[in-house]
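# Notes for the structure review
Chain residues, written in single-letter form:
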Amino acid sequence: METATASPHEEDIRYLTNNAGDVLLHSDPALPASFDAEERPRLQEILPGLALMFEPGSRTQRTWERLESQGGDVVVSFQKVPFDPLRPERFLGLAEMVYHRDVVGEIASLRNRILLLAVALILGPAVLFSLFFTRILVRPLGQLTRAVEKATAGEYDTPLPLEAHDEMGFLARSFQDMTQRVKEREQALAQQAAELERSNQELQQFAYVASHDLQEPLRMVASYTQLLARRYQGKLDADADEFIAYAVDGANRMQRLINSLLEFSRVSTQGREPEPTDSAVAFQQAVSNLGMAMEESGAVVTHDPLPTVMADATQLTQVFQNLIGNAIKFHGEEPPRVHVSAEPKDNEWLFSVRDNGIGIEPEYFDRVFVIFQRLHSRLEYPGTGIGLALCKRIVERHGGRIWVESELGKGTTFYFTLPAAGGDQP
Amino acid sequence: MEDNPADVRLTREALRESRVPANLRVVVDGVEAMEFLYRRGRYGEAARPDLTLLDLNLPRKDGREVLAEIKSDLTLRCIPVVVLTTSEAGEDVFQCYNLHANCYITKPIDLDRFMATMKSTFDFWFTVVKLPTE
């Protein structure tokens, strides 16, 4: 289908006729340039719609019409040019014809140009405005957003629209202040972490030194004071006996402390990777290790069904042994009763070790877990103060928590959590 | 074979308490230990020991080297070697038995237990066990 805009624009076609319609001159490429008298075509034959103009007596001087022609619709303007004032019926006909499609094309292209102009007029300011908007608002906002995103990822050097004088600038500057502070805090934290790591290594080093270098001379001090006591007890005066007794006691205590410290540091150095472990087996092992203490105190230790958890079996036994051992050691007037149970909580198991012992005052709930912290004199209750610190270290190494609830004179319950074993989801 | 005189004395006391009739000869480093066993230098007149107590941490020549040398020498390897040390490391225990130590004892820290351990060791090697004669 031919469309107006697609058709080539042709020159206007003009005709000059006499008053009969005979074509005298023309620029129609469809017609021969000149005619023999007999073959001269009449305009009304080419454009039948103009026939009325050539009717005798037609008074219409000019017309502007859309007509059909062989080449398609045309728009014709026709004008009579009289040349004899006395005989107005004699005239020269001047016809100008354009194909409609060319006009439409022209109009379409004009329309397009107008549209383009309109678009330019309308869009121009919009583009300018949006450029302005981008510059003032969007770009700084984008920068800020990127900066926030990077900051969440721990990168604080993203450029910011700091120079802006509006709220955006204010926001950017506040954000920069904030990231600066976060950065400083992070650096401080990293430094602390490094120091912690170092001091941790120093503790391990100390534990090594304690085991290999301190033990040996200490063994000598302890052995010889013991030998002194053994050989000369009662053979010197009472003062000497007392002094020797203190020396023996001190050396023995120091040995126990060093051994405790070693045991404490071995939680991380000699701990095995947690694996699915039947806590009931660990519990039984702990109870059997406590056999003598249980017999002496007449303790009754009971338990609910115990689950399989992710743990180092040896360390889990240590935890049970320390908690149950404490429950037996710190018993009240009644024979100790200890009950161990476990209940599922999310992806972990919450264990509890409940006793009917002397209880702990709430203000000491945290302190009992600190290494070498004791609430009683060694005369009342023996021990170095390592047991609960050891439990805490073990439980935390397994990704669990440990805490205590207690009522003075009524009893104490220790709680700790351990991750559930994969196949034994609670 | 022990470089710490205090330890030597404790062993001597333990020997005395165990009432086993044995002479204790002391060498204070690994090199001397080998000279003693080979009866070289100033140990030319030394008697061949019935039993050796070997500390692992010796100066000059380490206790493990001494053990390896004893057990690879045709004339010395039938002398029982009791490794007597403070080390509890599983690695040391394994290595010593691998070098054919006759037994491995970790010295108990507590005096009473030390005395008891030494007494039973002496009892075992000098009264229960039949030792080779030259």
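Residues numbered from 1 in each chain as written. Chains lettered and ligands numbered in written order. Predicted model: local features only at pLDDT ≥ 70, side-chain atom pairs only at ≥ 80, totals over all residues. Heavy atoms only, no water.

Moving on, we come to the overall build of chain B. A tally of helices and strands in chain B yields five helices and three strands. Secondary structure elements of chain B, listed N to C terminal, follow the sequence α-α-β-α-β-α-β-α. At a minimum sequence separation of 6, the contacts of chain B that also span at least 24 residues come to 61%. (Helix = DSSP H or I, 4+ residues; strand = E, 2+ residues; numbered from the N terminus. Contact = heavy atoms within 4.5 Å.)

Scanning chain A for helices and strands turns up eight helices and twelve strands. With the model as given, the accessible surface of chain A reaches about 26,200 Å², and the carbon-plus-sulfur share is 57%. (Areas by Shrake-Rupley, 256 points an atom, 1.4 Å probe, with all protein chains shown as cover.)

Residues and elements named next belong to chain B. Look at helix H2 (residues 30–38) against helix H3 (residues 63–72): their axes get within 9 Å of each other, and the N-to-C directions meet at 20°. In terms of orientation, H2 and H3 fall into the roughly parallel class. Remark: the crossing between H2 and H3 carries right-handed chirality. Counting all contacts with H2, which are made through Gly 30, Ala 33, Met 34, Leu 37 and Tyr 38, the residues of H3 involved are Val 66, Glu 69 and Ile 70. Looking at the contact of H2 with H3 residue by residue, the classes come out as six nonpolar, one polar and one charged. (Axes fitted to C-alpha atoms, helices over the stretch in contact; angles between N-to-C directions. Parallel < 35°, antiparallel > 145°, perpendicular 65-115°, else oblique. Left-handed = near helix turned anticlockwise from the far one by under 90°. Nonpolar A, V, L, I, M, F, W, Y, C, P; charged D, E, K, R; others polar.)

This next bit is on the confidence of the model for chain B. Of the residues in chain B, 99% reach a pLDDT of 70 or more, and the chain-wide mean stands at 88. As scored by the predictor, the complex reaches a pTM of 0.52 and an ipTM of 0.76. (pLDDT = per-residue confidence, 0-100.)

Attention now goes to the pairing of strand E12 (residues 411–419) of chain A. All names here are of chain A. In terms of burial, E12 is largely enclosed, as eight of its nine residues are buried. Pairing analysis gives six bridges linking strand E11 (residues 402–407) to E12, with the strands arranged antiparallel. Bridge pairing in E12 links Glu 405 to Thr 413. Linking two consecutive strands that pair antiparallel, namely E11 and E12, is a turn of three residues; a positive phi of about 85° is found at Gly 409 within it. (Buried < 20%, exposed > 50% of the residue type's maximum accessible area, 1.4 Å probe, protein only. Pairing = 2+ DSSP bridges.)

Right, let's talk about the interface of chain B and chain A for a bit. Each partner contributes residues to the interface: chain B has 17 residues there, and chain A has twelve residues. Of the roughly 1,300 Å² buried at the junction of chain B and chain A (both faces included), carbon and sulfur atoms supply 47%. In terms of surface lost to chain A, no three residues of chain B exceed Leu 10, Ile 109 and Leu 111 of chain B, which account for 44% of the buried area on that side. Linking chain B with chain A are four salt bridges, by the criterion used here. We note a salt bridge from Glu 17 of chain B to Arg 230 of chain A, for which the minimum N-O separation is 2.9 Å. Between the two partners, chain B and chain A, sit eight residue pairs in polar contact (both at pLDDT 80 or more). If you list the elements that add at least two residues to the side of chain B that touches chain A, you get helix H1 (5–18) and helix H5 (111–128) of chain B. Of the residues contributing to the side of chain B that touches chain A, the split by class is seven nonpolar, two polar and eight charged. (Buried area = accessible area lost by both parts, 1.4 Å probe. Salt bridge = Lys/Arg side-chain N within 4 Å of Asp/Glu carboxyl O. Polar contact = N/O pair within 3.5 Å; in protein donor to acceptor, adjacent residues only side chain to side chain.)

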